[in-house]
Amino acid sequence: MTDLLVQTLDTGVQLRLPDGRGSLTLVPRRGQDLPRYHFRLGRVVHAAQELGLFRVQQTLLLSNDHTGDSELTGLWLDDGLDAQERCAAVTALVQGARRWIAEHRDACGDWLILELPGWRTPTGVSPFWEALGARFYPHDWSTAQARWGSAWCSHLAALLPRQTLYLSFLGEAAQQACAQTDAAHAALLPTLHELGFLPPLQVRIDDGGPVLSCPLPRG
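Definitions and cut-offs
- Residues numbered from 1 in each chain as written.
- Predicted model: local features only at pLDDT ≥ 70, side-chain atom pairs only at ≥ 80, totals over all residues.
- Heavy atoms only, no water.
- Helix = DSSP H or I, 4+ residues; strand = E, 2+ residues; numbered from the N terminus.
- Rg over C-alpha atoms; globule rule 2.2 N^0.38 Å.
- Buried < 20%, exposed > 50% of the residue type's maximum accessible area, 1.4 Å probe, protein only.
- Core = buried A, V, L, I, M, F, W, Y, C linked by side-chain atoms within 4.5 Å.
- Salt bridge = Lys/Arg side-chain N within 4 Å of Asp/Glu carboxyl O.
- Patch = residues over 30% accessible without salt bridge, like charges linked within 9 Å, V, L, I, M, F, W, Y side chains within 5 Å.
- Areas by Shrake-Rupley, 256 points an atom, 1.4 Å probe, with all protein chains shown as cover.
- Polar contact = N/O pair within 3.5 Å; in protein donor to acceptor, adjacent residues only side chain to side chain.
- Phe/Tyr/Trp six-rings, centres within 6.5 Å; stacked < 30°, edge-to-face > 60°.
- 1 Å grid on protein atoms, 1.4 Å probe; cavity = no way out; pocket = protein on both sides within 12 Å on 5 of 7 lines; lining within 4 Å.
- Points joined across faces, edges and corners; volume = space filled by probe spheres on them.
- Nonpolar A, V, L, I, M, F, W, Y, C, P; charged D, E, K, R; others polar.

Peer 1: Would you mind going over the overall build of the chain with me for this structure?
Peer 2: From N to C terminus, the chain includes eight helices and ten strands. The C-alpha radius of gyration of the chain comes to 18 Å, within 12% of the 17 Å expected for a compact globule of 219 residues. With the principal axes as the frame, the chain shows a C-alpha extent of 60 × 40 × 35 Å. Here the chain, with 219 residues, has 44% of them falling under the buried criterion.

Peer 1: Sorry if this is basic, but what is going on with the nonpolar core here?
Peer 2: The tendency in soluble globular proteins is for nonpolar side chains to be buried as a group. Formed by 28 residues in total, the largest nonpolar core has its most connected members in Leu26, Leu72, Leu112, Leu192 and Phe197. For this core, the elements supplying multiple residues, two or more each, are β2 (13–16), β3 (22–27), β6 (70–77), α1 (83–103), β7 (111–115) and β10 (210–215). Looking at this core element by element, the count peaks at eight residues for α1.

Peer 1: Help me understand the pattern of salt bridges in this model?
Peer 2: The final tally for this structure, using the stated rule, is nine salt bridges. For Arg36, the salt bridge goes to Glu115, with nearest N and O atoms at 2.8 Å. Highlighted residues: Arg36 in the loop between β3 and β4 (38–48) and Glu115 in strand β7, separated in sequence by 79 residues. The same class applies to Arg36 as to Glu115, namely buried.

Peer 1: Which parts of the structure should I look at to understand a nonpolar patch on the surface?
Peer 2: Together, Val45, Phe54 and Val56 make up an exposed nonpolar region whose accessible area comes to about 280 Å². Within the secondary structure layout, Phe54 lies in strand β5 (residues 53–63). With relative accessibility at 62%, the residue Phe54 sits in the exposed group.

Peer 1: What is the right way to read the side chain of Glu71 from this model?
Peer 2: Looking at the secondary structure, you find Glu71 in strand β6. For Glu71, a relative accessible area of 2% translates into the label buried. Among the polar contacts listed, one links the side chain of Glu71 to the side chain of Arg30, at a separation of 2.7 Å.

Peer 1: Even after reading the chapter, I still don't get the packing of aromatic side chains, so can you show me in this structure?
Peer 2: Aromatic ring pairs are described here by two measures, namely the spacing of the ring centres and the angle between the planes. Scanning all chains against the criterion turns up five aromatic pairs. Relative to Trp141, the ring of Trp129 lies with its centre 5.4 Å away and its plane at 25 degrees, an arrangement referred to as stacked. With Trp129 in helix α2 (residues 127–131) and Trp141 in helix α4 (residues 141–148), this residue pair connects regions lying twelve residues apart in the sequence. The pair formed by Trp129 and Trp141 is uniform in burial state, with each residue classed as buried. Seen from their ring centres, Trp129 and Trp152 are 6.1 Å apart, and the 50 degrees between their planes marks the pair as tilted. Separated by 23 residues along the polypeptide, Trp129 in helix α2 and Trp152 in helix α5 (residues 152–157) bring together distant segments of the chain. Comparing Trp129 with Trp152 shows no difference in burial state: the two are buried. Three or more aromatic residues joined by ring pairs make a cluster, and in this case those are Trp129, Tyr137, Trp141 and Trp152.

Peer 1: Looking at this structure, how should I read the layout of surface pockets?
Peer 2: Vacant regions in the atomic arrangement are exposed by a probe of water-molecule size rolled over the atoms. Considering only enclosed or pocket space, the largest pocket measures out at about 810 Å³ in volume. Forming the boundary of the largest pocket are 36 residues, of which Arg30, Arg36, Glu71, Thr73 and Ser150 lie nearest the centre. Taken together, the elements giving at least two residues each to the lining of the largest pocket come down to β3, β6, β7, α4 and α5. For the lining of the largest pocket, the element with the highest residue contribution is β6, accounting for five residues. Grouping the amino acids of the lining of the largest pocket by side-chain chemistry returns 13 nonpolar, twelve polar and eleven charged.

Below is the structure:
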């Protein structure tokens, strides 16, 4: 799986397994035309010793932390691959992307990011979207995403609050869904962590899916 097929597209560099059972696209620098938006995960601590109070609140704050960084997008794996084959395919694709970055280092950012889809109910509903995004964009978000593609979240960000949000205000379902992904992608997380991706410090602003990041060395 190491000899990948590489094709330069308008959207980036597509990497494909030679057997055609997996692919992804590397975008060397994301957000050069539109700023890149995510929610940064934070914490606010409320403590009062005399009241016996110590409570940690998770927060969300719109950020452009990864504007200008490199991104892996459009990850696709054949449904016929078993769990071990899926992990091997992802390893080959990510390592291939990192080799391309090493050969074109000046064209790439300081971090490599990978967004995973947010968790949904069996009927396809995103609790995170219903609790937050739907309050500011009361239309079908999948239609908007299909229309705008990678620019969708940049347009959505213009509608969302700039103030710090307490995740607990969004309700229990949204809290549980934040930074979670579906079972198929969750099974890839140990492999992605072995490849250098850190636990999520940001989440998608539409469905709350985890945004994994990996620092890229220079020199």
